[in-house]
Amino acid sequence: MNRAEEAWIVLKEKLSQKISEGSYRIWIQPLTFDSFEDNTLYLKCPNQFSASWIREHYLPLIQDEIRKELGDCSIKLIPVERVKDAKKRQLHLPTFSPTELPQPRFCQWFTFEEFVVGESNQYAYEVCKNVAYGGSKRTGEVVFLQADSGLGKSHLAQAVGQYVYKRAPQKRLCYINANDFTHQVVRALKDGNLEDLKERYRRKVDVLLLEEVHSFSGRKRTQAELANTLDYLLDSGKLVVFTSSRLPREIPKLDSQLRSRLDLGIITSINPPDYETRVKIIERKARRHGVSLDRGVVEYMAHYLRGDIRRIEGAVVGLITKSSIQKRPMDLNLAQEVLQEMMGDLEPLNLKKIISLVVRHFNVSVEELRSSSRKKSVTVPRQIAMYLARTYTDETLNVIGKEFKRDHATVVHAVKKIEKGLKMNSKIKHQVEFLKEQLEKERWRK
Ligand SMILES: Nc1ncnc2c1ncn2[C@@H]1O[C@H](COP(=O)(O)OP(=O)(O)OP(=O)(O)O)[C@@H](O)[C@H]1O
């Protein structure tokens, strides 16, 4: 047992004195030592939900105590379900010798079948499926998947890999992230065997799945090597899938050579899922855990959990875990508690907050919204503000109307107009979705 592990055991004992017995048993007891590297203590915890709970409620305390034992260090929680899943779900792909390229590790669930398709990700899904199924007749194909965190980039990239492997097991897959690729290049430069590395990519890879391309920013030499390798792979008709949190043109300090090659690909963005897709995702994730949730609970969660799908998964697991630990039904009350624990207290939204967001977003003034102006640049924000007020507050039509110096009939008309816009894939729909997201963020801010 090393010093860090010993320190963790001592600390656990101390925590048992400081925290109530029940809380200790549920949250701290299951934490186990994983490793201590680079001044970071890695602890395993049962699942994503317990990780977020512990972060919220106990991390400062644990951190203070562990620093007394190990000096200045940080703590990272690793949900065991992920570690186990990654291992359990790892496909048995053709092994490379240590001098060759790393063996891909895929998550069993990251398949096309498990991917819930909605308007926000349909195009990315179709593109990936098409290249994986070999639908494209073009030789050499680059797909560039861009999205914010937790929206399914890795899921789709791995789905491509898993499908290719199932369809054509002889194909050699390389699944790597930008940091590991950079390490390989740096190491090869140091050891003087860059040519060998290039050869390995050129001769032994049929499908390259390269994640987190935005991390190449500023790494000149790696970028040059990647551009080189790309040329070779594409000339030989290979498939390359990139993922990134930014579009090629938005990645700072990216060499024009590499940028132009990335631009050659099919560039597709994944947006945050809309309400209907979130409903389907929640139902799918619950089903995967063998649970069928009441429609009301699903709708409640879908209403509040926007953006990051990892968080949606965390909430579903949280609900199931809490229900099983506390032997309570998975009803609306429990769902409310879980969401509150994950995201903090709900702050009520009022007309003032809604109007303030709308004027900032559309760059109009409150006076203009209240004026008789019929300019589109004023009527659209006004109608959207009325719609949001109706959706997020309990104010009556009269009160909302008065705020804009209008009567209740005008509010009814505005709400209907925006609802109609939301049913179409209009600009209004995107604006409203964006504003709702901002409002939710403000609402959950502690
Ligand atoms: N459309 C979807 N249907 C079902 N699950 C999804 C979908 N999109 C994402 N997920 C799930 O959400 C989680 C996060 O997805 P993923 O790891 O692919 O995100 P990412 O975009 O690669 O995020 P990051 O940039 O933080 O790595 C995964 O468990 C994934 O299965």
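Residues numbered from 1 in each chain as written. Predicted model: local features only at pLDDT ≥ 70, side-chain atom pairs only at ≥ 80, totals over all residues.

### What to know about the sheet that holds strand S8 (residues 266–270)
Part 1 of the reasoning: With parallel pairing, the 5 strands of this open sheet are ordered in space as S5-S6-S7-S4-S8. Only two strands of the sheet have a single neighbouring strand rather than two, namely strand S5 (173–177) and S8. Ignoring strand direction, the axes of neighbouring strands in this sheet form an average angle of 15°.
Part 2 of the reasoning: Bridge count between strand S4 (residues 141–147) and S8: 5 bridges; the pairing is parallel. By the bridge assignment for S8, glutamine 146 is matched with serine 269.
Part 3 of the reasoning: Most of the contacts of helix H8 (residues 178–191) go to S5, to which it runs at about 95°, and overall it touches S5 and strand S6 (207–211). (Pairing = 2+ DSSP bridges. Helix = DSSP H or I, 4+ residues; strand = E, 2+ residues; numbered from the N terminus. Axes fitted to C-alpha atoms, helices over the stretch in contact; angles between N-to-C directions. Contact = placed C-beta atoms within 7 Å.)

### With respect to the confidence of the model for the protein
Part 1 of the reasoning: Summing up the model confidence of the protein, the mean pLDDT is 85 and the portion of residues at 70 or higher is 91%.
Part 2 of the reasoning: Throughout residues 83–99 the model reports pLDDT below 50, and contacts reaching past four residues in sequence, or to other chains, amount to 24 contacts.
Part 3 of the reasoning: Across the predicted assembly, pTM comes out at 0.66 and ipTM at 0.99. (pLDDT = per-residue confidence, 0-100.)

### Notes on the sheet that holds strand S2 (residues 40–45)
The strands that make up a sheet are held in pairs by hydrogen bonds between backbone atoms, and each pair lies either parallel or antiparallel.
Part 1 of the reasoning: Overall, mixed pairing links the 3 strands, which are arranged S1-S2-S3 in an open sheet. Where the open sheet ends on each side, the last strands, each with one partner, are strand S1 (32–37) and strand S3 (74–79). With direction set aside, neighbouring strand axes in the sheet form an average angle of 25°.
Part 2 of the reasoning: One ladder, built from 6 bridges, connects S2 with S3; its direction is parallel. Along S3, the bridge assignment pairs threonine 40 with serine 74.
Part 3 of the reasoning: Contacting S2 and S3, helix H3 (residues 48–57) crosses the sheet at an angle of about 155° to S3.

### Description of the packing of helix H1 (residues 3–18) against helix H4 (residues 59–70)
Part 1 of the reasoning: Two elements in contact, H1 and H4, have axes whose closest approach is 10 Å; the angle formed by their N-to-C orientations is 135°. Considering the angle they form, H1 stands oblique to H4. Between H1 and H4 the crossing geometry is right-handed. Two secondary-structure elements touch here, H1 through Ala4, Ala7, Val10, Leu11, Lys14, Leu15 and Lys18 and H4 through Leu61, Glu65, Ile66, Glu69 and Leu70.
Part 2 of the reasoning: Its residues assigned to classes, the contact of H1 with H4 shows 8 nonpolar, no polar and 4 charged. (Parallel < 35°, antiparallel > 145°, perpendicular 65-115°, else oblique. Left-handed = near helix turned anticlockwise from the far one by under 90°. Nonpolar A, V, L, I, M, F, W, Y, C, P; charged D, E, K, R; others polar.)

### With respect to unusual backbone geometry
Part 1 of the reasoning: A positive phi angle is found at aspartate 38, which is not glycine, with a value near 45°.
Part 2 of the reasoning: For aspartate 38, the location among the structural elements is in the loop between S1 and S2.
Part 3 of the reasoning: Positive phi, normally seen in glycine, also occurs at asparagine 39, with a value near 60°.
Part 4 of the reasoning: Within the element layout of this structure, asparagine 39 appears in the loop between S1 and S2.

### Some points on helix H6 (residues 122–132)
Part 1 of the reasoning: Within H6, the full set of buried residues consists of Ala124, Tyr125, Val127, Cys128, Val131 and Ala132. Relative to the axis of H6, the buried residues are bounded by an arc of 165° and lie together on one face.
Part 2 of the reasoning: Residues of H6 that are buried sit in contact with S4, helix H7 (153–167), strand S7 (239–244) and S8.
Part 3 of the reasoning: Where H6 ends, the next residue or the one after it, glycine 134, has phi of about 75°, a positive value. (Buried ≥ 20, exposed ≤ 12 C-beta atoms within 10 Å, placed from the backbone. Arc of directions from axis to C-beta.)

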